[in-house]
Amino acid sequence: DTGIGYTFESQLGIKENNDRRADFRGIEIKCKQVKETGGHGGKINLFQQAPMWEAKLTALERLRLIGQPDKNGRYVCYSQVTTTANNLGLLLNQSATSEQIELLKGTARFGHWPFEILERRLREKHSRAVFVKAEVRNAAGRQHFHYKELIYCERPSIQRFNDLVQSKRIVFEFTMSEKEMRGKMSVRNHGYPWRLTSEDFLSELFLLRVKLR
């Protein structure tokens with residue numbers, strides 16, 4: 001998927017970047033491989049947004065609270081979080097008293113996301129979006145991509161987003177691990193992604209969804 005997206009964006013003259021905003025003239029681009037076996041086609045990254053933490057801890061202290069040690073004794077947390085508690089006791093919960101999604105560990109609140117922040121991130125990245133699919137062919141040691149499908153979407157809403165979180169169709173993920181650097185332990189963090197579990201649910205996030213190819 002990374003190669004498909006990089007190649008597609010290169011053809012549009014987009015330079016590789018880590019911009020929080022949309023990729024191309026206000027349109028976010030998401031590219032995936034066409035799955036020969038059909039099915040849901042895997043998760044779609046929406047945006048990255050860390051929670052507002054309840055306690056002032058270092059990244060390492062936080063990882064050791066929510067993660068678990070690997071075979072080398074170093075803490076890791078590669079964990080999908082939904083509205084049902086996972087094996088680490090982490091879960092998402094809609095606050096009964098305010099417009100926010102809470103991150104719980106057991107019954108204790110570990111962090112939260114105000115709707116205002118989630119909506120801003122959603123509109124920054126996905127006010128308008130296209131989802132592109134490509135077939136992949138390997139020939140003479142090189143990969144060739146044939147872009148087959150393009151779906152244009154716009155007008156997402158925080159209420160639709162929250163409904164998808166509650167139905168476990170949007171999930172949050174931790175991607176953290178403990179590492180040693182210059183004799184000290186620190187944290188390697190690959191971000192805080194919110195992900196749609198399947199492209200089948202795009203129509204539930206966006207008010208407008210049009211298949212253009």
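About the thresholds
- Residues numbered from 1 in each chain as written.
- Predicted model: local features only at pLDDT ≥ 70, side-chain atom pairs only at ≥ 80, totals over all residues.
- Heavy atoms only, no water.
- Helix = DSSP H or I, 4+ residues; strand = E, 2+ residues; numbered from the N terminus.
- Rg over C-alpha atoms; globule rule 2.2 N^0.38 Å.
- Buried < 20%, exposed > 50% of the residue type's maximum accessible area, 1.4 Å probe, protein only.
- Contact = heavy atoms within 4.5 Å.
- Pairing = 2+ DSSP bridges.
- Axes fitted to C-alpha atoms, helices over the stretch in contact; angles between N-to-C directions.
- Arc of directions from axis to C-beta.
- Expected span 1.5 Å × (residues − 1).
- Phe/Tyr/Trp six-rings, centres within 6.5 Å; stacked < 30°, edge-to-face > 60°.
- Lys NZ or Arg CZ within 6 Å of the ring centre and 35° of its normal.
- Polar contact = N/O pair within 3.5 Å; in protein donor to acceptor, adjacent residues only side chain to side chain.

Asks: Let's hear about the overall build of the protein: which residues, and what values?
Replies: Tallying secondary structure elements over the protein gives five helices and 14 strands in all. For 213 residues, the compact-globule estimate of 2.2 N^0.38 gives 17 Å, and the protein sits close to it at 19 Å. Projected onto the principal axes, the alpha-carbon positions of the protein cover approximately 45 × 45 × 30 Å. The proportion of buried residues among the 213 residues of the protein is 43%. Summarising the internal contacts of the protein: among those between residues at least 6 apart in sequence, 62% fall at separations of at least 24.

Asks: So what's going on with the pairing of strand β13 (residues 193-196)? Residues and values would help.
Replies: In this structure, strand β2 (residues 44-48) lies alongside β13, joined through four bridges in antiparallel fashion. Looking at the pairing, Gln48 lines up with Pro193 of β13.

Asks: Hey, could you go over the sheet that holds strand β8 (residues 108-114) for me, with residue numbers and the actual values?
Replies: Here four strands make up an open sheet; going across it, the order is β3-β8-β7-β6 and the pairing antiparallel. Strands at the two margins of the open sheet, each flanked by one partner only, are β3 (52-53) and β6 (90-94). Strand direction decides the pairing type here: β6 and strand β7 (residues 100-105), joined by five bridges, are antiparallel. By the bridge assignment for β7, Asn93 is matched with Glu102. Sheet strands touched by helix α3 (residues 115-126): β3, β6, β7 and β8. Its angle to β8, the strand with the most contacts, is close to 50°.

Asks: Which residues make up helix α1 (residues 2-11), and what values go with them?
Replies: Inspection of α1 places Ile4, Gly5, Phe8 and Glu9 among the buried residues, and these make up the whole buried set. For α1, the angular spread of the buried residues around the axis is 120°, confining them to a single face. Opposite the packed face of α1, turned more than 90 degrees from it, sit the exposed residues Thr2 and Gln11. The inward-facing, buried residues of α1 abut β1 (28-33), β9 (128-139) and β10 (142-156).

Asks: How would you explain the environment of Arg188 if you had to name every residue and give the values?
Replies: Following the sequence through the fold, Arg188 ends up in strand β12 (residues 184-189). Distance in space between the C-alpha atoms of Arg188 and Phe24 is 29 Å, their sequence separation being 164 residues. Beyond its immediate chain neighbours, meaning those up to four positions away, Arg188 contacts Thr175, Met176, Ser177 and Lys179.

Asks: Describe α3, with residues and values.
Replies: In an α-helix, one full turn covers 3.6 residues, which means residues spaced three or four apart are oriented alike. Across its twelve residues, α3 extends 16 Å between first and last C-alpha, which sits within 8% of the 16 Å expected from 1.5 Å per residue. Buried within α3 we find Phe115, Ile117, Leu118, Arg121, Leu122, Lys125 and His126. Down the axis of α3, the smallest arc covering the buried residues is 165°, so these residues share one side.

Asks: I'd like a description of the packing of aromatic side chains, backed by residues and values.
Replies: Counted by the stated rule, this structure contains 14 aromatic pairs. Note on Trp113 and Phe172: the rings are 4.8 Å apart at their centroids and 65° apart in plane angle, and the pair reads as edge-to-face. In this pair, Trp113 is assigned in strand β8 and Phe172 in strand β11 (residues 170-181), connecting sequence segments 59 residues apart. Counting every residue linked through ring pairs, the aromatic cluster contains Phe47, Trp53, Phe110, Trp113, Phe161, Phe172, Phe174, Tyr192 and Trp194. Over the ring of Trp53 we find Arg62; its NZ or CZ atom is 4.2 Å from the centre of that ring.

Asks: Please set out the side chain of Ser177 residue by residue, giving values where relevant.
Replies: Within the secondary structure, Ser177 sits in strand β11. Here Tyr78 takes part through its side chain, which lies 3.4 Å from a polar atom of the side chain of Ser177. Ser177 has contacts with Leu63, Tyr75, Val76, Tyr78, Ser186, Val187 and Arg188, leaving out every residue within four places of it along the chain.

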